[in-house]
2 protein chains.
Amino acid sequence: METNNYLQILRDVKDVAFATVDANGIPHVRIIDIMIVENEKIYFCTSRGKDFHQQLLHNNHVAITGMNKNYQMVRVSGQAQRLENNAYWIDRIFEENPSMNDVYPGKSRYILDAFVIEEGEGEFFDLSVSPINRYSFSLNKKPITLKGFAISDACIGCGKCMRNCPQQCIVEGKPYEIIQEHCLHCGLCDENCPVKAIQRRKTI
Amino acid sequence: METNNYLQILRDVKDVAFATVDANGIPHVRIIDIMIVENEKIYFCTSRGKDFHQQLLHNNHVAITGMNKNYQMVRVSGQAQRLENNAYWIDRIFEENPSMNDVYPGKSRYILDAFVIEEGEGEFFDLSVSPINRYSFSLNKKPITLKGFAISDACIGCGKCMRNCPQQCIVEGKPYEIIQEHCLHCGLCDENCPVKAIQRRKTI
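Per UniProt, chain A carries the Function (unreviewed entry) text "Ferredoxins are iron-sulfur proteins that transfer electrons in a wide variety of metabolic reactions." Under the UniProt heading Cofactor (unreviewed entry), the entry covering chain A gives this text: "[4Fe-4S] cluster".

The structure is reproduced here in C-alpha cells:
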C-alpha cells in the first residue's frame, strides 16, 4: 500500500486521537475528525478558543492514531501548520464534512482555524493476524525513523532469541535475523541474548 | 455518574489512545488496551522494549482518550507509576484479559511491565446530543483544572455573545452566563465581546 492508502484508513475511521504537548511538557489527547486527506497531507481544524489550538501554536508537533473495525491501526507523527487562506479551507472542510454545520452553524464556522500536516512519518499495523504485520511509511518523503531491534554480527547462533520470541519472528542465519514487519518491539530477545548482540535500531 | 462509571467507558471501549512525550518533547500516541479499572485507578501494561516504555520512564505524564459507539468520549490525564510486584499484576491482567495470551504466550508475558494511573483528572463528553454535554471528573480527588471561558462583571448585557454562540449555551443575566456543560470552548463569545468581559478560566 502507499501513503495515501494508509492515510485513507484514518480518514475512513474519521474519529481519530490527536496528541499534543502543552507549554509545561505535558501530553494531551482528544478525538477529532480527519477532515481531508489528499496528496499525502492531512487536514484538520480546531477553534481558536480551545486548549488544543493554543498547544498547536506553542508546539506544532502532533501524533495521531486511529483503528478501524478490522483492527488495522495507523499512527502518524508530524508537524501541523496553520493554513493561509483560512476561510477557503474552512469552507472546503464544511463542504466535504457537512455534519460540521450541526456543530458550527452559519458564520460561526470561522471561529475554526484549518491546519495541515504536510510532512511526517507513520506506521501501519494489522493486528487481526498472527503474527502481526507492521509497515512504516512517509508523508512527502520525510525520512523514516528506525524502531525496534536488530541482531549484530556478534551473534553466536545459540537460538535463544528465536525460541523466546512471542511472535516467532526471528529466523536462523549468521547472524540470526528479526523479521521486522512481524516484530512487536517487545525486547524479550534483547533481554535474553547471552552476548548482547541485539541492539535498538535508534536512540530515543 | 461517578468517576468509576466514566473509567468503565474506557474499559468497555478497551482499545484507547495513550499519549506520551519523548525526551525531545515530541508527542507520541498509540492504541492499547485498558486492562483493569477499579477504585478510580487505571491499569495498563507495555513491554520493556517499546518506545512507549522508555517514554513512560522518562516522563510519566500520560493522556488517554476513547470513544464508544454512542459517541460518548472520555479523556483522562495523569501520571503513570510502574507497579511493584510486577508478576502479580501481569498475571492478574492476563487472567482478566485472556486474549493477551495470543500475543504473549507462556512466560513471554513477563517482558511486560504493569503501570497504574492513580491520580488524574478527566472529562466526559456526550457528542450524540445537541448541544453537547461535558462533565469534568477527578481520579482519587485530584483537583480539577478549569477550562473554557467565563463572563465577568464587566458584561454590559449587549447579548452579542448569546446571539453568536454556536451551541446556544449562553443565557441572559447580570452578567450573562455560559452554561459550562454545553460549551465547546470555541472562543467565539470571547472574540466578539465588545468590552472584553470574557476570559479563559485558566492559564495554559
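After that view of the structure, there is still more to cover.
So, the packing of aromatic side chains
Both the distance between ring centres and the angle between the ring planes are used here to describe each pair of aromatic rings. Enumeration according to the criterion identifies 18 aromatic pairs over all chains in this entry. Plain terms: the ring middles of Phe124(B) and Tyr135(B) are 6.4 Å apart, the flat faces sit at 15 degrees to each other, and that makes the pair stacked. Remark: Tyr135(B) occurs in strand S8 (residues 133–139) and Phe124(B) occurs in strand S7 (residues 112–126); sequence separation between them is 11 residues. Of the aromatic side chains, those joined through ring pairs into one cluster are Tyr6(A), Phe124(A), Tyr135(A) and Phe137(A).

Brief notes about the domain arrangement of chain A
Residue and element names in this part refer to chain A. Domain parsing of chain A yields domain 1 (3–139) and domain 2 (149–200). Taking only C-alpha atoms into account, the centre of domain 1 sits 35 Å from that of domain 2. Contact residues are listed per partner, giving 5 residues for domain 1 and 7 residues for domain 2. When the two sides are added together, the surface that domain 1 and domain 2 hide from each other amounts to roughly 560 Å², 52% of it contributed by carbon and sulfur. Among the residues domain 1 hides against domain 2, the three largest losses belong to Pro131, Ile132 and Arg134. Together they make up 81% of the total. Run the count over domain 1 and domain 2 and you get 0 salt bridges.

Concerning the interface of chain A and chain B
Counting residues at the interface gives 48 residues for chain A and 48 residues for chain B. Each partner contributes to the roughly 4000 Å² buried at the junction of chain A and chain B, and carbon and sulfur atoms together form 61% of this total. Taken as a group, Pro27(A), Val29(A) and Ile31(A) account for 14% of the area that chain A buries against chain B, more than any other trio of residues on that side. The interface formed by chain A and chain B contains 2 salt bridges. Between Arg48(A) and Glu191(B) there is a salt bridge whose closest N-O contact spans 2.5 Å. Our enumeration of links across chain A and chain B arrives at 16 residue pairs in polar contact (both at pLDDT 80 or more).

Structural notes on the relation of the copies chain A and chain B
The operation relating chain A to chain B is a screw motion whose rotation component is 180 degrees, with 0.0 Å of axial translation and a residual RMSD of 0.0 Å. Accordingly, the operation relating the two chain copies is best matched by a two-fold axis. The fraction of interface residues of chain A whose copies in chain B are also interface residues reaches 100%, indicating that both copies meet through the same surface.

Some remarks on the pattern of salt bridges
In the structure shown here, the tally under the stated rule is 20 salt bridges over all chains. Residues Glu118(A) and Lys41(A) are paired through a salt bridge, measuring 3.8 Å at the closest nitrogen-oxygen approach. Of the two residues, Glu118(A) is situated in strand S7 (residues 112–126) and Lys41(A) in strand S4 (residues 41–47); the sequence distance between them amounts to 77 residues. The salt bridge partner of Glu123(B) is Lys147(B), with a shortest N-O separation of 3.2 Å. Taken together, the residues Glu123(B) in strand S7 and Lys147(B) in the loop between S8 and strand S9 (149–151) connect sequence positions 24 residues apart. Of the two residues examined, Glu123(B) and Lys147(B), each falls in the buried class. Linked through salt bridges whose partners overlap, the residues forming this network are Arg48(A), Arg82(A), Asp113(A) and Glu191(B).

The rules we used
For every chain, the first residue of its written sequence is number 1, and the numbers climb from 1 along that sequence. Going through the entries in the order they are written, you letter the chains from A and number the ligands from 1. Whole-chain, interface and lining totals are the exception, using all residues; otherwise, since this is a predicted model, local features are given only for residues with pLDDT of at least 70 and side-chain atom pairs are given and counted only at 80 or more. The side-chain figures draw on all heavy atoms in the structure; neither hydrogens nor water molecules are used. UniProt positions are given in the numbering used here, feature names are shortened, and annotations may be inferred rather than shown by experiment. Each Phe, Tyr or Trp ring, with Trp reduced to its six-membered ring, pairs with another whose centre is within 6.5 Å; inter-plane angles below 30 degrees give stacked pairs, above 60 give edge-to-face pairs, and intermediate values give tilted ones. Only DSSP runs of H or I reaching four residues or more are called helices, and only runs of E reaching two or more are called strands; each is numbered from the N terminus. Domain ranges listed in this record stem from an automatic or a database domain assignment. Pairs of residues are marked as contacts when any of their non-hydrogen atoms sit within 4.5 Å. Accessible area, probed at 1.4 Å, shrinks when two parts are joined; the buried area is that loss added up over both. Within this document, salt bridges are pairs made up of a side-chain nitrogen of Lys or Arg and a carboxyl oxygen of Asp or Glu, the two lying within 4 Å of each other. The term polar contact refers here to a pair of N or O atoms within 3.5 Å; inside protein, the definition further demands a hydrogen-donor-capable atom paired with an acceptor-capable atom, and it admits residues adjacent in sequence only when both atoms are side-chain atoms. In superposing the copies, a least-squares fit is computed on C-alpha atoms, taking residues whose pLDDT is at least 70 in both. Exposure classes here rest on a 1.4 Å probe applied to the protein chains alone. A residue is buried below 20% of its type maximum, exposed above 50%, and partly exposed in between.

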